[in-house]
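# An overview of the molecular structure
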Amino acid sequence: MKETRESTIVLENIQSTAASFRDFLKYLYTDTVQITEENAIELLLLADELGVQRLKDLAEDFLCNMVTADTVCSLHALPIQTQVLHCIQICTCIITYTW
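So, here's what we can say about the structure. (Residues numbered from 1 in each chain as written. Predicted model: local features only at pLDDT ≥ 70, side-chain atom pairs only at ≥ 80, totals over all residues. Heavy atoms only, no water.)

## Regarding the overall build of the protein
Note the cut-off: Put simply, DSSP H or I for four residues or longer makes a helix, DSSP E for two residues or longer makes a strand, and each gets a number counted from the N terminus. Here's how the labels work: a residue is buried when its accessible area is under 20% of the maximum for its type, exposed when over 50%, partly exposed in between, all with a 1.4 Å probe on protein chains only. In what follows, residue pairs with any heavy atoms lying within 4.5 Å of each other are defined as contacts. What sets the accessible areas is the Shrake-Rupley method with a 1.4 Å probe; for residues, cover comes only from the shown protein chains.
Per the secondary structure count, the protein includes 6 helices and 0 strands. In sequence order, the protein lays out its α and β elements as α-α-α-α-α-α. Within the protein, buried positions represent 29% of all 99 residues. Residue pairs at least 24 apart in sequence account for 49% of intrachain contacts in the protein once pairs closer than 6 positions are excluded. Summed over all atoms, the accessible surface of the protein reaches about 6,900 Å², with 52% contributed by carbon and sulfur.

Next comes the structure, spelled out in structure tokens:
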């Protein structure tokens, strides 16, 4: 792999704020992370894109716990994009029983 020979690794098409990417790197080095409403979606997307399953699971759990009738529409597309089946089921139930 090129990464083993290069001193710089370029990540292309990563859309994240500096703060969320810093949280992601901190997780990689320490196995700890503070997931908040501000960084949960970006951490989920980063973890999904870069193959960090445990962080993806943590972000999924956080997001599933904050799904409400008010937030379901904005969150429903995200689990479909990242194949987070548990969140898809929660969103679908909320949509079904709310409307």
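## A few points about the side chain of Glu42
Our working rule: We treat Lys and Arg as the positive residues and Asp and Glu as the negative residues; His and chain ends play no part in the count. For this analysis, a salt bridge means a side-chain nitrogen from Lys or Arg found within 4 Å of a carboxyl oxygen belonging to Asp or Glu. Definition of a polar contact: a pair of N or O atoms within 3.5 Å, with one able to donate and the other able to accept a hydrogen when the atoms are protein atoms, and with sequence-neighbouring residues admitted only if both atoms are side-chain atoms.
Take Glu42: it is sitting in helix H3 (residues 40-50). No salt bridge is formed by the buried Glu42, whose closest oppositely charged neighbour, Arg22, lies at an N-O distance of 10 Å. Reaching out from Glu42, the side chain makes a polar contact with the side chain of Ser20 at a distance of 2.8 Å. Not counting the four nearest positions on each side in its chain, Glu42 is found in contact with Ser16, Thr17 and Ser20.

## Focus: the nonpolar core
One broad rule of soluble globular proteins: the nonpolar side chains tend to lie buried together. The criterion, for reference: Residues belong to one nonpolar core when they are buried, are Ala, Val, Leu, Ile, Met, Phe, Trp, Tyr or Cys, and are joined through side-chain atoms within 4.5 Å.
Formed by Phe24, Tyr27, Ile35, Ala40, Leu43, Leu44, Leu46, Ala47, Val52, Leu55, Ala59 and Leu63, the largest nonpolar core amounts to 12 residues. Take this core: its biggest share by element is 5 residues, from H3. Those residues in contact with Leu46, other than ones at most four positions away along the chain, are Ile14, Ser16, Ser20, Phe21 and Phe24.

## A look at a nonpolar patch on the surface
Let me state the cut-off plainly: Here the term patch refers to residues with relative accessible area over 30% and no salt bridge, with like charges joined within 9 Å and nonpolar side chains (Val, Leu, Ile, Met, Phe, Trp, Tyr) within 5 Å.
Together, Ile9, Leu11 and Leu50 line one region of the surface with nonpolar side chains, adding up to about 250 Å² of accessible area. If you trace the backbone, Leu11 turns up in the loop between helix H1 (2-5) and helix H2 (18-30).

## So, the environment of Asp31
The residue Asp31 is located in the loop between H2 and H3 in this model. Remark: the alpha-carbon pair of Asp31 and Leu55, spanning 24 residues in sequence, is separated by 8.7 Å. Once residues lying within four places of it in the same chain are set aside, the contact partners of Asp31 are Lys26 and Arg54.

## Brief notes about helix H4 (residues 53-65)
What counts is decided by this rule: A helix's residues, less one, multiplied by 1.5 Å, set its expected span. Here the arc refers to the directions that run from the helix axis out to each C-beta atom.
Between its first and last C-alpha, H4 extends 18 Å over 13 residues, near the 18 Å set by a 1.5 Å rise per residue. All of the buried residues in H4 are Leu55, Lys56, Ala59, Glu60, Leu63 and Cys64. In a view along the axis of H4, the buried residues occupy a sector of 165 degrees, so they form one face of it.

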